[in-house]
Amino acid sequence: MSGRALVLILLLAPLPAAAQAPAPNGQKDLTVADIFDPETRVDFGHAAPALTWIDGDHYHWARTDQRSRLTDHLRVDALSGAAEPLFDAGALESALAASAGVAPEQARALARRSSYVMNPRGTALLVTAADDLFLFDFRARSLTRLTSTAGVEEEPSFSPDGTRVAFVRANDLHVVDLGRRPVERALTRDGSADVLNGLLDWVYQEEIYGRGRFKGYWWSPDGKRLAFLQLQEARVPRYPLVDDIPTSPRLEETRYPKAGDPNPDVRLGIVDAAGGGPRWMDLSRYASAEPLIVDVTWSPDSRRVLFQVQDRIQTWLDLQDADAATLRTRTLLREKTKAWVERQDAALTWLGDGGFLWLSERTGWKHVYRYRGDGTLVGPVTRGEWEARHVLGLDEAGGWLYFSGTEHSPIGSDVYRIHLDGTGLQRLSRTEGTHAASFSPGLALYLDTWSDLTTPPQVRLHRADGAEVRVVDANAAPALAEYRLARPELLRVPTRDGFPMEAMLLRPPDFDPGRRYPVYQHAYGGPHSPVVKNAWGGTTYLFHQLLAQRGVVVWMCDNRTASGKGAVSAWPMYRNFGELELRDVEDGLEWLGRQGWVDTERIGINGWSGGGYLVSYALTHSRRFAMGIAGGPVTDWHNYDSVFTERYMDLPSRNVDGYRRSSPRFFAADLHGRLLLVHGAIDDNVHPQNTSQFAYELQKAQRPFDMMFYPRSRHGVTEPALLAHLSALKLAFVQESLLGRPSSPASSPPSTAP
């Protein structure tokens, strides 16, 4: 057994009670096992519960047992908290075993899943069993088979009136009319491996509609029509990934357009739910721009389809209004900035007079704007050097728009309301930290999920004016009091040109200002992606506490482009990743070094994905770092997907020097400090190719480094045993590199110091 393997085992195992050296008050120090061990980890609080509103008075609580992983689905009276089963899980289990012919254990798991597609009234759900789709009626406790055709039914959904179910099978869009004898019909018939109808491909779900959202069709409010995207994939290159764990390896190929590659060709169709074949929007005027269709919605009266179109490199965005009967279109507005235009999720909110509210970053700060139905701008509803992040609800009768934003704090999120004329702004959330609100139908109540740096997420019920009604989930986490945890400090640090960077400092619990400490910086660095948040950080926060207990200062400091302080803070890095980000990181470390208790020769940096990129760039462009851990890094921007990369970097053919300057792969010979590269072996997002190419250049340049691949892991190590291994590996690497505690002479790699 190697010395490194021995150290990992020791770090994973709980220390004997006597070896934990409790503080005088009896508190313990953390171990990797306390945080990550799949069997013995300590309960430090759970994630925010899954709560969704059923009606104005009740919500659905999907309550999952952390040991069995089975879920009870409860119908909760919002005001009293009285709960009852939403449906009879036992009846569903029995029906699945009898009607679908599934094994008892599978039936039990299917009847207690964490989530289902439910009808609009919350009285029925869809479940897939034995490769078919079934409808379970709560009141009748009956299970009805909806399909009997070979092939998986993907992305099922109910029509708004609950009388139909749509789904995609074999890349064709289908509808089932519900009733005593369900009737299925195909709405498209040209689906194939290269033609997707109503189903999004990898890049559309990852970079446009949101990770994990593959549904590419939209019901009209009256349930009579569907709008859908057709993606033609023939020109999109494939990327192969291999699962080497089985004796016969499994090959997986994904359509993945890299920067400069052909994107999927996209069309927008409308089809009657009763059948008849699709009709297609005329997008010919956009052909030269290689368009992306980045959002689709219906008008409340079902007569119009509103869709958003962007050029390939996302320098503008058009909001198009199409008549659903004639398909005639008009442009309601065009968004432009001095850099890129970011698509806004749920950007459009309808008003009773046919006008709408619109989210835009046109000034450099995201705000709400009011428009008439013909696209005439009425004016801004919110304004200022802060962001209105999400529209939460509109009560026109009461005269209030509810939204989340950063007016009070750039590192938190609060719940606000404001009149549509821009007057009467009120902050409804009062506790410092991060609030996420879900309003009931009718907007009389909202569920507020809140956390701060040291408090796991808690849920409270509030009235629309912000008054607290009751605590829904206290999530007390008493185990936190048993450990010797340092108090995080929130700071603001200026860059050399005066930009105020948000920072978080975690000193060792027994901090002595007369000593000089090593520093571990956790970073991401990518546009609009801050790591400094007044919110619970879960296992990452606890791992940082573990490092502090070992004698390391933990530092987080968001460079301006990552700060979340408006698009205006990110625009300066347009067409050039890395340079400005690193300069700001170094300015933060310069400030930290002036405090007098930092050993500037022992500074490390860690990050994953965009953070892994920043680590790779930093260690090839700076001499400040003794150590870096780069997880899932992009090391050459030619390798990453077209939609994300071109938004910020333009096309490779139009920015040749920028792509090369921004890619660490081409600067491997300049590596300074010890580098640990980590990657998921089947990462379908940032492909392992990035780490392999970087490793190859480092080897050719005779630069030593450490590397770890995790089989069956994608863009993140999530399998519990592997996550525990990764955490122990990182701790060992930090201790060797910053604290001078080698795991063993045999396993310690040679120094890469120049």
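Residues numbered from 1 in each chain as written. Predicted model: local features only at pLDDT ≥ 70, side-chain atom pairs only at ≥ 80, totals over all residues. Heavy atoms only, no water.

S.K.: Just checking my understanding: could you explain the overall build of the chain for this structure?
M.R.: Per the secondary structure count, the chain includes 13 helices and 43 strands. In terms of overall size, the chain behaves like a compact globule, its C-alpha atoms giving a radius of gyration of 27 Å where 754 residues would be expected to give roughly 27 Å. For the chain, the spread of C-alpha atoms along the three principal axes comes to 75 × 65 × 60 Å. For the chain, with 754 residues in total, the buried portion stands at 57%. Expressed as a percentage of contacts within the chain between residues at least 6 apart in sequence, the contacts between residues at least 24 apart total 57%. Accessible area for the chain stands at about 30600 Å²; split by element, carbon and sulfur atoms hold 50% of it. In the chain, the 83 positive side-chain charges and the 92 negative ones have mean positions that sit 1 Å from each other. (Helix = DSSP H or I, 4+ residues; strand = E, 2+ residues; numbered from the N terminus. Rg over C-alpha atoms; globule rule 2.2 N^0.38 Å. Buried < 20%, exposed > 50% of the residue type's maximum accessible area, 1.4 Å probe, protein only. Contact = heavy atoms within 4.5 Å. Areas by Shrake-Rupley, 256 points an atom, 1.4 Å probe, with all protein chains shown as cover. Lys, Arg positive; Asp, Glu negative; His and termini not counted. Charge placed at Lys NZ, Arg CZ, Asp CG, Glu CD.)

S.K.: Would you take a moment to explain the packing of aromatic side chains for this structure?
M.R.: Each aromatic ring pair is described using two quantities: the centre-to-centre distance and the angle formed by the ring planes. Evaluation of the coordinates by the stated rule reveals 35 aromatic pairs. With a centroid separation of 5.2 Å and 25° between ring planes, the pair formed by F511 and Y517 is classed as stacked. For Y517, a relative accessible area of 0% puts it in the buried group. Clustering of aromatic rings is evident, with ring pairs tying together W340, Y574, F577, Y613, Y617, W637, Y640, F644 and Y648. Over the ring of W280 we find R267, and its NZ or CZ is 3.8 Å from the ring centre. Cation over ring: R417 sits above W400, and NZ or CZ is 4.1 Å from the ring centre. (Phe/Tyr/Trp six-rings, centres within 6.5 Å; stacked < 30°, edge-to-face > 60°. Lys NZ or Arg CZ within 6 Å of the ring centre and 35° of its normal.)

S.K.: What is the right way to look at empty space enclosed by the protein in this model?
M.R.: Think of a ball as big as a water molecule: rolled over the atoms, this probe shows where empty space is left. Using the criterion set out here, one finds two cavities of 30 Å³ or more in the structure. The wall of the largest cavity is formed by 17 residues, among which V341, E342, Q344, S360 and E361 lie closest to the centre. Ranked by residue count, the leading element in the lining of the largest cavity is strand 25 (residues 356-360), at three residues. Class assignment of the residues belonging to the lining of the largest cavity gives a composition of eight nonpolar, four polar and five charged. Considering only enclosed or pocket space, the second largest cavity measures out at about 30 Å³ in volume. Lining the second largest cavity are E207, I208, L292, V294, Q310, Q314, R343, V643 and R647. Listing elements by their share of the lining of the second largest cavity, those giving two or more residues are helix 5 (202-209), strand 20 (292-298) and helix 10 (642-649). Grouping the constituent residues of the lining of the second largest cavity by class yields four nonpolar, two polar and three charged. (1 Å grid on protein atoms, 1.4 Å probe; cavity = no way out; pocket = protein on both sides within 12 Å on 5 of 7 lines; lining within 4 Å. Points joined across faces, edges and corners; volume = space filled by probe spheres on them. Nonpolar A, V, L, I, M, F, W, Y, C, P; charged D, E, K, R; others polar.)

S.K.: Explanation requested: the packing of helix 5 against helix 10 in the structure shown.
M.R.: Packed helix pairs are characterised by how far apart their axes lie and by the angle those axes make with each other. Two elements in contact, helix 5 and helix 10, have axes separated by 8 Å at closest approach and are oriented at 45°. Classified by the angle between their axes, helix 5 and helix 10 sit oblique to one another. Contact residues: V203, E207 and I208 in helix 5; S642, V643, F644 and R647 in helix 10. Its residues assigned to classes, the contact of helix 5 with helix 10 shows four nonpolar, one polar and two charged. (Axes fitted to C-alpha atoms, helices over the stretch in contact; angles between N-to-C directions. Parallel < 35°, antiparallel > 145°, perpendicular 65-115°, else oblique.)

S.K.: Sorry if this is basic, but what is going on with the nonpolar core here?
M.R.: Inside soluble globular proteins, nonpolar side chains tend to come together where they are buried. Of all hydrophobic cores here, the largest spans 124 residues; its most connected members are Y204, L226, L229, V296, W555 and L675. With six residues, helix 9 (residues 610-621) is the largest single contributor of residues to this core. If sequence neighbours within four positions are ignored, L226 has contacts with A166, L173, V175, L187, Y217, W218, W219, G269, I270, V271, A273 and W298. M504, V532, Y541 and L726 belong to the second largest nonpolar core, which has 42 residues in total. (Core = buried A, V, L, I, M, F, W, Y, C linked by side-chain atoms within 4.5 Å.)

S.K.: I keep staring at unusual backbone geometry and nothing clicks. Help me out?
M.R.: Trans is the common state for peptide bonds, and a negative phi is the common state for residues other than glycine. Unlike most non-glycine residues, N171 shows phi in positive territory, near 65°. Among the secondary structure elements, N171 is positioned in the loop between strand 10 (164-169) and strand 11 (172-177). The phi dihedral of S609 is positive, around 65°, even though this residue is not glycine. Relative to the helices and strands, S609 resides in the loop between strand 40 (598-608) and helix 9.

S.K.: Explain the pattern of salt bridges here, please?
M.R.: Opposite charge on two side chains makes pairing possible when the charged atoms of those side chains draw close. Counted according to the given criterion, the structure contains 51 salt bridges. Residue R583 pairs with D497 through a salt bridge whose shortest N-O separation is 3.6 Å. Highlighted residues: R583 in helix 8 (residues 579-593) and D497 in the loop between strand 36 (489-494) and strand 37 (500-506), separated in sequence by 86 residues. What makes D497 partly exposed here is its relative accessible area of 47%. (Salt bridge = Lys/Arg side-chain N within 4 Å of Asp/Glu carboxyl O.)

S.K.: What's the story with helix 3 (residues 89-100) in this structure? I'm lost.
M.R.: At 3.6 residues per turn, the α-helix brings residues three or four places apart onto the same side. The terminal C-alpha atoms of helix 3 lie 15 Å apart, and with 12 residues this matches the ideal 16 Å at 1.5 Å per residue to within 8%. Where the residues of helix 3 are buried, they touch helix 4 (104-110), strand 6 (124-129), strand 7 (132-137) and strand 8 (142-145). The N-cap of helix 3, judged by a side-chain oxygen 3.0 Å from the amide nitrogen of G90 a few residues on, is D88. The positive-phi residue at the C-terminal boundary of helix 3 is G101, with phi of around 70°. (Expected span 1.5 Å × (residues − 1). Polar contact = N/O pair within 3.5 Å; in protein donor to acceptor, adjacent residues only side chain to side chain.)

S.K.: Hey, could you run me through the sheet that holds strand 25 in this one?
M.R.: For sheets, the rule is that strands pair by backbone hydrogen bonds, running either parallel or antiparallel. One open sheet accounts for four strands, arranged 24-25-26-27; its pairing is antiparallel. Of all the strands in the sheet, just strand 24 (348-350) and strand 27 (377-380) have a single pairing partner and so form its edges. Geometrically, the sheet is characterised by an average inter-axis angle of 25° between neighbouring strands, direction not taken into account. The sheet contact formed by strand 26 (residues 367-371) and strand 27 spans three bridges and is antiparallel. (Pairing = 2+ DSSP bridges.)

S.K.: Sorry, what's going on with the sheet that holds strand 12 (residues 183-186) here?
M.R.: Taken together, four strands build an open sheet; the order of strands is 9-10-11-12 and the sheet is antiparallel. Only two strands of the sheet have a single neighbouring strand rather than two, namely strand 9 (154-158) and strand 12. Taking the axes of each pair of neighbouring strands and ignoring which way they run, one obtains an average angle of 20° across the sheet. Here strand 9 pairs with strand 10 via three bridges, running antiparallel. By the bridge assignment, F158 is partnered in strand 10 with V165.

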